[in-house]
Amino acid sequence: MPWPPEIQEFVVQATRFVHDFGVVFAVLAIVVSWYAGRVLTGVLGRRVARRFMRPSVTRTVLRLIRTGVLFVGVVVALWTVGLGLGNLFVSVTVFSAVLGIVLAPIVGSVINGIFVLADQPYEIGDMIEFTETGQRGFVEDITLRYTKVFTLDNTFLVMPNGEMREANIVNYSAEDERTRLSLTVQVTYESDVEAAREAMERAAARCEEVIEGGPDIRIGSARYPAKPTCYLDEYADSGIDLTLRYWAKQPYRLPGIRSNVQRAIREEFEAREDVAFAYPHVQHVFDEESGEANVALRRRP
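Procedures and definitions
- Residue positions are given per chain, counting from 1 as you read along its sequence in written order.
- For a predicted model such as this one, the threshold for reporting local features is a pLDDT of at least 70, and the threshold for listing and counting side-chain atom pairs is 80 or more; totals across whole chains, interfaces and linings nevertheless cover every residue.
- Excluded from the side-chain calculation are hydrogens and water; included are all heavy atoms of the structure.
- UniProt positions are given in the numbering used here, feature names are shortened, and annotations may be inferred rather than shown by experiment.
- For helices the rule is a DSSP run of H or I covering at least 4 residues; for strands it is a run of E covering at least 2, with both sets numbered from the N terminus onward.
- Partly exposed residues are those whose accessible area sits between 20% and 50% of the maximum for their type, while under 20% is buried and over 50% is exposed, using a 1.4 Å probe and protein chains only.
- Note on definitions: a residue-residue contact is assigned when non-hydrogen atoms from the two residues lie within 4.5 Å.
- We call two N or O atoms a polar contact when they sit within 3.5 Å, provided that within protein one can donate a hydrogen and the other can accept it, with sequence-adjacent residues counted only if both atoms are side-chain atoms.
- Note on aromatic pairs: the rings of Phe, Tyr and Trp (six-membered ring only in Trp) are paired at centre separations within 6.5 Å, and the planes decide the class, stacked below 30 degrees, edge-to-face beyond 60, tilted for the rest.
- In our convention, an over-ring charge means Lys NZ or Arg CZ found within 6 Å of a ring centre and within 35 degrees of that ring's normal.
- Only buried residues count toward a nonpolar core, which is a set of Ala, Val, Leu, Ile, Met, Phe, Trp, Tyr and Cys residues joined through side-chain atoms within 4.5 Å.
- Paired strands are those between which DSSP finds at least two bridges.
- Axis geometry follows a simple rule: fit a line to the C-alpha atoms, using only the stretch in contact for helices, then measure angles between N-to-C directions, giving values from 0 to 180 degrees.
- The span expected for a helix works out to 1.5 Å for each residue beyond the first.
- Buried and open spaces are told apart on a 1 Å grid over the protein atoms alone, a cavity being a set of points where a 1.4 Å probe fits but cannot get out and a pocket being an open set with protein on both sides within 12 Å along at least five of seven lines. Residues with an atom within 4 Å of a point are the lining residues.
- Grid points are joined across faces, edges and corners, and a volume is the space filled by probe spheres set on the points.
- Amino acids outside the nonpolar list (Ala, Val, Leu, Ile, Met, Phe, Trp, Tyr, Cys, Pro) and the charged list (Asp, Glu, Lys, Arg) are all regarded as polar, and Gly is one of them.

The name that an unreviewed UniProt entry assigns to the protein chain is Mechanosensitive ion channel protein MscS, with the source organism given as Halarchaeum grantii. Per UniProt, the protein chain carries the Subcellular location (unreviewed entry) text "Cell membrane".

Listed below in structure tokens is the structure:
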């Protein structure tokens, strides 16, 4: 059954109007799709976050939604300027082929990004360290192409996900932020070793950033004392090495925590007379077979 003449006339007029103002409609379609993508991600943001429970995956899904809505708007814009669906399909196919050849490294980085999101070696907000360079920083963002790290030197480090998968990374805050540190101090052989050990443990325990006690901390199948513990490590040339093991509550200020512990140990040692820091010294011994040593003393003017 043919449409009434009024509807046919309206369709003709609407089509003519669209063709006459195709550029305006194309721009309007892109603007509307961009705005609609932002509104849609705002509405679905909390639902997606509750569904995936990971900030990196949530951001990626919302980016894909926003990109998909914008892509629909671009398709509508191309159609309004007179590009048919057949021509549009051919154009997209040719463009995708050229884009795949030229941007193959980026495609590889996207694939690596999918593996990064699936393997979960780190998450947004984690503190990581690159073992090759020693750089530390916080993961600021994870996309399908790159990972952005905000370093402790107040700079941004943007790494392709392909390089991130190949890099050796230490994650300080993946599951448990508590970090175990060690500090070796050398005391003289004349020092009271037990008193020195107790002083080092007491010094670390009174630092605010250090865990002073509590139940043992489990790592895998091993358990370690939560309170600072000092061990007699080695009999060295100039003194006895004492190694202190302690746990920092958070990994974000490790150099500062280490400095505070060392300052507290120095204060403890200076308050005692039976403990002293060792320093390198060499003692020369001469006997009948060593020959003669000519020694002279000269007063300073």
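Additional details are given in the paragraphs that follow.
Examining unusual backbone geometry
If you check the backbone angles, Asn 154 has positive phi at about 65° while not being a glycine. The topology assignment puts Asn 154 in the loop between strand E3 (146-151) and strand E4 (156-160). Overall, Asn 154 belongs to the exposed group, its relative accessible area being 58%.

A closer look at the environment of Asn 171
Among the structural elements, Asn 171 can be located in strand E5 (residues 169-171). Counting along the chain gives 50 residues from Asn 171 to Pro 121, while the straight-line C-alpha distance between them is 7.8 Å. In this structure Asn 171 touches Pro 121, Tyr 122, Asp 126, Met 127 and Ile 128, once residues within four positions along its chain are discounted. Side-chain polar atoms of Asn 171 contact the backbone oxygen of Pro 121, separated by 3.0 Å. Of note is the side chain of Asn 171, whose polar atom sits 3.2 Å from the side chain of Asp 126.

Focus: the packing of aromatic side chains
Counted according to the given criterion, the structure contains four aromatic pairs. Plain terms: the ring middles of Phe 150 and Phe 156 are 4.9 Å apart, the flat faces sit at 65° to each other, and that makes the pair edge-to-face. With a centroid separation of 6.4 Å and an interplanar angle of 10°, the aromatic rings of Tyr 189 and Tyr 235 are classed as stacked. Within this pair, whereas Tyr 189 is found in the loop between strand E6 (179-187) and helix H7 (193-205), its partner Tyr 235 is found in strand E9 (residues 229-235), the two being separated by 46 residues in sequence. Taking the relative accessible area as the measure of exposure, Tyr 235 reaches 57% and is therefore exposed. Across the ring face of Phe 156, the terminal group of Lys 148 is positioned such that the distance to the ring centre comes to 5.2 Å.

Focus: the nonpolar core
Judged by nonpolar contacts, the single largest core of 28 residues is most densely connected at Met 200, Leu 242, Leu 244, Tyr 246, Val 261, Ile 265 and Phe 269. Top contributing element to this core by residue count: H7, with seven residues. Those residues in contact with Phe 269 that lie beyond four places of it in its chain are Val 185, Val 187, Ala 196, Ala 199, Met 200, Val 275 and Phe 277. Val 139, Ile 142, Met 164 and Ala 167 belong to the second-largest nonpolar core, a separate cluster that totals 13 residues.

Considerations on the sheet that holds E9
Strand order in the open sheet formed by three strands is E6-E10-E9, and the pairing between neighbours is antiparallel. The sheet is open, and its two borders are formed by E6 and E9, each paired with just one other strand. Across the sheet, the axes of successive neighbouring strands diverge by a mean angle of 25°, strand direction being ignored. Relative to strand E10 (residues 240-248), E6 is paired through nine bridges, and the arrangement is antiparallel. Pairing of Val 187 across the sheet is with Ile 240, part of E10. Most of the contacts of H7 go to E10, to which it runs at about 25°, and overall it touches E6, E9 and E10. Running at roughly 35° to E6, helix H8 (residues 254-270) makes contact with E6 and E10 of the sheet.

Quick word on H8
Taking 1.5 Å per residue, 17 residues should reach 24 Å; H8 reaches 24 Å between its end C-alpha atoms and fits that length. For H8, the set of buried residues is Leu 254, Ile 257, Asn 260, Val 261, Ala 264, Ile 265, Glu 268 and Phe 269. Looking at the buried residues of H8, the elements they touch are strand E2 (136-142), E6, H7 and E10.

Section: the layout of surface pockets
Roughly 200 Å³ of internal volume is contained in the second largest pocket. What lines the second largest pocket is a set of 11 residues, among which Asp 176, Arg 178, Thr 179, Ile 219 and Trp 247 lie closest to the centre. Elements with a minimum of two residues in the lining of the second largest pocket: E6 and strand E7 (217-219). Residue composition of the lining of the second largest pocket, by class: four nonpolar, three polar and four charged.

Quick notes on the pairing of E3
By the alternation rule, side chains of E3 split into Thr 147, Val 149 and Thr 151, which are all buried, and Tyr 146, Lys 148 and Phe 150, of which none is buried. Two strands pair when backbone bridges link them, and E2 and E3 are joined in this way by five bridges, in the antiparallel orientation. By the bridge assignment, Asp 141 is partnered in E3 with Lys 148. Here E2 hands over to E3 after three residues, the two strands then running antiparallel side by side. As judged from the five bridges shared by E3 and E4, these two strands associate in the antiparallel manner. When the bridges of E4 are listed, Lys 148 appears paired with Val 158. Hairpin connection, E3 to E4: the antiparallel pair is bridged by four residues, and Asn 154 has positive phi, about 65°.

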